[in-house]
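# Observations on the three-dimensional arrangement
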Amino acid sequence: MSLLLKIDRFVRNLYRTAFYFAVMAVKENFRNYVGRAGVVGVPAPTIAILGNGPSLADELPQLLEDKAERDFLAVNFFAQDERFTRLRPAYYVLSDPMFFRASARRQRVMHLYRVLNERVAWPMNLYVQYYNPECFDYRAVLPNPLIRIVPFHTQMYRGFRGLEFWLFRHGLGSANFGTVVQVGEYVALLLGYKRIELYGVDHTLLDGLCVDHENRLCRIVRHYYDNTPATLQPLCHNVPPRPYTMSAYLFEVAELFRGHEVLREYAATLGARIVNCTRDSMIDAYQRVEGETL
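Residues numbered from 1 in each chain as written. Predicted model: local features only at pLDDT ≥ 70, side-chain atom pairs only at ≥ 80, totals over all residues. Heavy atoms only, no water.

Below, the discussion takes up the layout of surface pockets. The computed volume of the second largest pocket comes to approximately 160 Å³. Val 40, Val 42, Lys 67, Ala 68, Arg 70, Asp 71, Phe 72, Leu 87, Arg 88 and Ala 90 together form the lining of the second largest pocket. Among the elements that line the lining of the second largest pocket, the one with the most residues is strand E2 (residues 70–75), at three residues. In terms of residue class, the lining of the second largest pocket is built from six nonpolar, no polar and four charged. (1 Å grid on protein atoms, 1.4 Å probe; cavity = no way out; pocket = protein on both sides within 12 Å on 5 of 7 lines; lining within 4 Å. Points joined across faces, edges and corners; volume = space filled by probe spheres on them. Helix = DSSP H or I, 4+ residues; strand = E, 2+ residues; numbered from the N terminus. Nonpolar A, V, L, I, M, F, W, Y, C, P; charged D, E, K, R; others polar.)

This is the structure we're talking about:
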């Protein structure tokens, strides 16, 4: 790399650093909420993060048999599954804006909160975005005293890698690269887990990608809980509701997969390991489970 390129990179990183701290000072703060909340009970050596990909349907039976060996972190609408109360996840993450802002899915979101409030009969940390522009009151919809609501920061930092990992270690960074699972990985690392297993994280985000006759970007969307055949669906942002363009969608997908590489490198600095236990997952950043004992 030439001297000019090095200077250019340094100046860019310096600007990004200044911008990040300015935004954090105005929009969020510098408190490590995840670290302060700590772990729930006595942690197991391993934590299993449950995505909502179709492969989770095949993986859940085995996880239910081996549940004593792991702690569990669930995401999004998993609480609506009848097996939620059998796995009893100690940790739960919600990161999509639809969970705290008005959206077309508000009715489904409110049903999730009712289910969480009714079913959780064990101590559980629920991680939610600190950024909450509409001042959504989580405690009002979740009065269950066993649910501890823990904010996490969402402002991304894209400057010096060493500083990025320092922010991660102090609970000030953000691993919200595009999927709730990555937030779960970051939370697990911040809580001190040394082995993090991923289930139901298929990431088949380009599966069936196409553009219909109305120029709408569509793809086949599958979840483990779907009972109907997968069909092409227009891709839209949840909040605000607007259709994706091809360029915007591919940019977000690229950022998402880059985020997995960042988390892999960050985990290595902590002496931790993220293991991909999802069959046919498209993630190429982590070690696969084949060939080792769970």
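Turning to the sheet that holds strand E7 (residues 210–211), a few remarks are in order. The strands making up a sheet associate through backbone hydrogen bonding, with each pair oriented either parallel or antiparallel. With respect to topology, three strands assemble into an open sheet ordered E7-E8-E9, the strand pairing being antiparallel. Of all strands in the sheet, those with a lone pairing partner are E7 and strand E9 (232–234), marking the two edges. Where E7 meets strand E8 (residues 217–220), two bridges bridge the pair, whose relative direction is antiparallel. When the bridges of E8 are listed, Val 211 appears paired with Leu 217. (Pairing = 2+ DSSP bridges.)

Quick look at the pattern of salt bridges now. Under the defined criterion, the tally for this structure stands at 15 salt bridges. Among the salt bridges present, the one from Arg 161 reaches Glu 164, with a minimum N-O distance of 2.8 Å. Of this pair, Arg 161 and Glu 164 both sit in helix H7 (residues 161–169), three residues apart, which is roughly one turn of that helix. Assessed through its relative accessible area of 4%, Glu 164 is described here as buried. Across the salt bridge formed by Arg 216 and Asp 212, the nearest N and O atoms sit 2.7 Å from each other. Here the salt bridges do not stand alone but share partners, grouping Glu 69, Arg 70, Arg 195 and Glu 197 into one network. (Salt bridge = Lys/Arg side-chain N within 4 Å of Asp/Glu carboxyl O. Buried < 20%, exposed > 50% of the residue type's maximum accessible area, 1.4 Å probe, protein only.)

Taken together, eight strands build an open sheet; the order of strands is E5-E4-E3-E2-E1-E6-E12-E13 and the sheet is parallel. In this open sheet, the two strands that pair with only one neighbour each are strand E5 (147–152) and strand E13 (287–288). Two strands pair when backbone bridges link them, and strand E1 (residues 46–50) and strand E6 (residues 195–199) are joined in this way by five bridges, in the parallel orientation. Looking across to E6, one finds that Ile 47 is bridged to Ile 196.

Bringing the nonpolar core into the picture now. Grouped together as the largest cluster of nonpolar side chains are 49 residues, with contacts concentrated most on Tyr 91, Tyr 127 and Ile 196. Those residues in contact with Ile 196 that sit more than four places away from it in its chain are Ile 47, Ile 49, Glu 185, Ala 188, Leu 189, Arg 273, Ile 274 and Val 275. Leu 50, Tyr 199, Val 239 and Val 275 belong to the second largest nonpolar core, which has 38 residues in total. (Core = buried A, V, L, I, M, F, W, Y, C linked by side-chain atoms within 4.5 Å. Contact = heavy atoms within 4.5 Å.)

Attention now goes to the packing of helix H8 (residues 180–190) against helix H9 (residues 246–269). Contact geometry for H8 and H9: axes closest at 11 Å, N-to-C directions at 10°. The angle between the axes of H8 and H9 places the two elements in the roughly parallel class. For the pair formed by H8 and H9, the contact residues are Gln 182, Glu 185, Tyr 186 and Leu 189 on the first element and Leu 256, Gly 259, His 260, Leu 263, Tyr 266 and Ala 267 on the second. Within the contact of H8 with H9, the residues separate by chemical class into six nonpolar, three polar and one charged. (Axes fitted to C-alpha atoms, helices over the stretch in contact; angles between N-to-C directions. Parallel < 35°, antiparallel > 145°, perpendicular 65-115°, else oblique.)

None of this, on its own, says anything about what the molecule does.
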